[in-house]
Amino acid sequence: EVSTTPRRTPRIDPLGALLSLIGAAALLLLPFVVFKANRILPGDARSLFEILPMWAAFAVHLILILVAAAALGVADARARLTMALLGVVVVALAIAAAGNALTPSGNKVVRIAPGAGFWILAVALGLMATDAITRLRPGPGMRVLLLLAFVAVAGAAFALGTFDNLSIMREYAVNAGRFAREARQHMLLAFGSLAAAVLVALPIGILCHRVPRIRAATIGALNLIQTIPSIALFGILTWRGLRVASRA
């Protein structure tokens, strides 16, 4: 007896298909890292096969193909999240290995920067992981735990020196002495301006809520004040343009 039940064709996930296409294009067409003999010279684009041993480059590509297959056809959110995180780890280790492979021992001048292929792959994998977490619908507590776990893993990787040979970490090492001082200054300026804004805005907001007659005038005045920085910037740019034109 022939069954008349129609066969269900495997459903391809639209977001997974888009992310897989973007990731494949980034991996095949864009540089994974950019090699610079120093910070001044233009960079030399390199692919994974030009940096890593052949077996390691093939292994990275094979794992990313499996991640793409999961993005295309796996519906289980936990499996999708696991594969996305696996892809993130593999890409992160690949960029760290590339920095180590291209940096001569003891050299302080060479700069190895992640290329466009790395950044696009990282974004695609991050979006896949975010989509999987959204499908799991975790509560607020679980979201906080996931964030803390990510921060802990990233912090451990930086503390162990995994990415020390990448350009951003080398620049940090050069400016490490003043980094803490500048960070404190930045936080002081940011939170100082926030505190001043709260001290002024909170009483005005309460007054506008309790006295509706002044609400319209206050909002109009604030809207006018908000346009002043844009007008000032436009005036500065116009003035600079006129000066450049007059010199020419």
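This section reports on the structure supplied with the text. In this text, all values refer to a predicted model and were calculated from it rather than measured experimentally.

## Observations concerning the packing of aromatic side chains
Point 1. Applying the stated rule across the entire model yields four aromatic pairs.
Point 2. Arranged with centres 5.0 Å apart and planes meeting at 70°, the rings of Phe-118 and Trp-119 form a pair that is edge-to-face.
Point 3. You can call Phe-118 buried: its relative accessible area is 10%.
Point 4. Summarising the aromatic geometry, the rings of Phe-158 and Phe-163 are spaced 5.4 Å apart at their centres and angled 50° between planes, so their arrangement reads as tilted.
Point 5. What makes Phe-163 buried here is its relative accessible area of 13%.
Point 6. For the cation-ring pair, Arg-46 lies above Phe-35, with the distance from its terminal atom to the ring centre recorded as 5.0 Å.

## Some remarks on the pattern of salt bridges
Point 1. In total, this model carries six salt bridges according to the counting rule given.
Point 2. Residues Asp-13 and Arg-135 are paired through a salt bridge, measuring 2.6 Å at the closest nitrogen-oxygen approach. Of this pair, Asp-13 sits in the segment before α1 (14-29) while Arg-135 sits in helix α4 (residues 116-136), placing them 122 residues apart in sequence.
Point 3. Between Asp-131 and Arg-135 there is a salt bridge whose closest N-O contact spans 2.9 Å. Of the two residues, Asp-131 and Arg-135 are both situated in helix α4; the distance of four residues between them amounts to about one turn of the helix.
Point 4. With relative accessibility at 34%, the residue Arg-135 sits in the partly exposed group.
Point 5. Taken together, the shared-partner salt bridges in this structure form one network comprising Asp-13, Arg-80, Asp-131 and Arg-135.

## Topic: a nonpolar patch on the surface
Point 1. Nonpolar side chains collect at one region of the surface, where Leu-15, Leu-18, Ile-22, Leu-28, Leu-29, Leu-30 and Ile-120 lie side by side and expose about 620 Å² of accessible area between them.
Point 2. The topology assignment puts Leu-30 in the loop between α1 and β1 (33-36).

## Focus on the environment of Thr-162
Point 1. By the secondary structure assignment, Thr-162 is in the loop between α5 (140-159) and α6 (167-174).
Point 2. Owing to a relative accessible area of 23%, Thr-162 belongs among the partly exposed residues under this scheme.
Point 3. Taking C-alpha positions, Thr-162 is 9.7 Å from Ile-95, a pair spaced 67 residues apart along the chain.

About the thresholds
Residues numbered from 1 in each chain as written. Predicted model: local features only at pLDDT ≥ 70, side-chain atom pairs only at ≥ 80, totals over all residues. Heavy atoms only, no water. Phe/Tyr/Trp six-rings, centres within 6.5 Å; stacked < 30°, edge-to-face > 60°. Buried < 20%, exposed > 50% of the residue type's maximum accessible area, 1.4 Å probe, protein only. Lys NZ or Arg CZ within 6 Å of the ring centre and 35° of its normal. Salt bridge = Lys/Arg side-chain N within 4 Å of Asp/Glu carboxyl O. Helix = DSSP H or I, 4+ residues; strand = E, 2+ residues; numbered from the N terminus. Patch = residues over 30% accessible without salt bridge, like charges linked within 9 Å, V, L, I, M, F, W, Y side chains within 5 Å. Areas by Shrake-Rupley, 256 points an atom, 1.4 Å probe, with all protein chains shown as cover.

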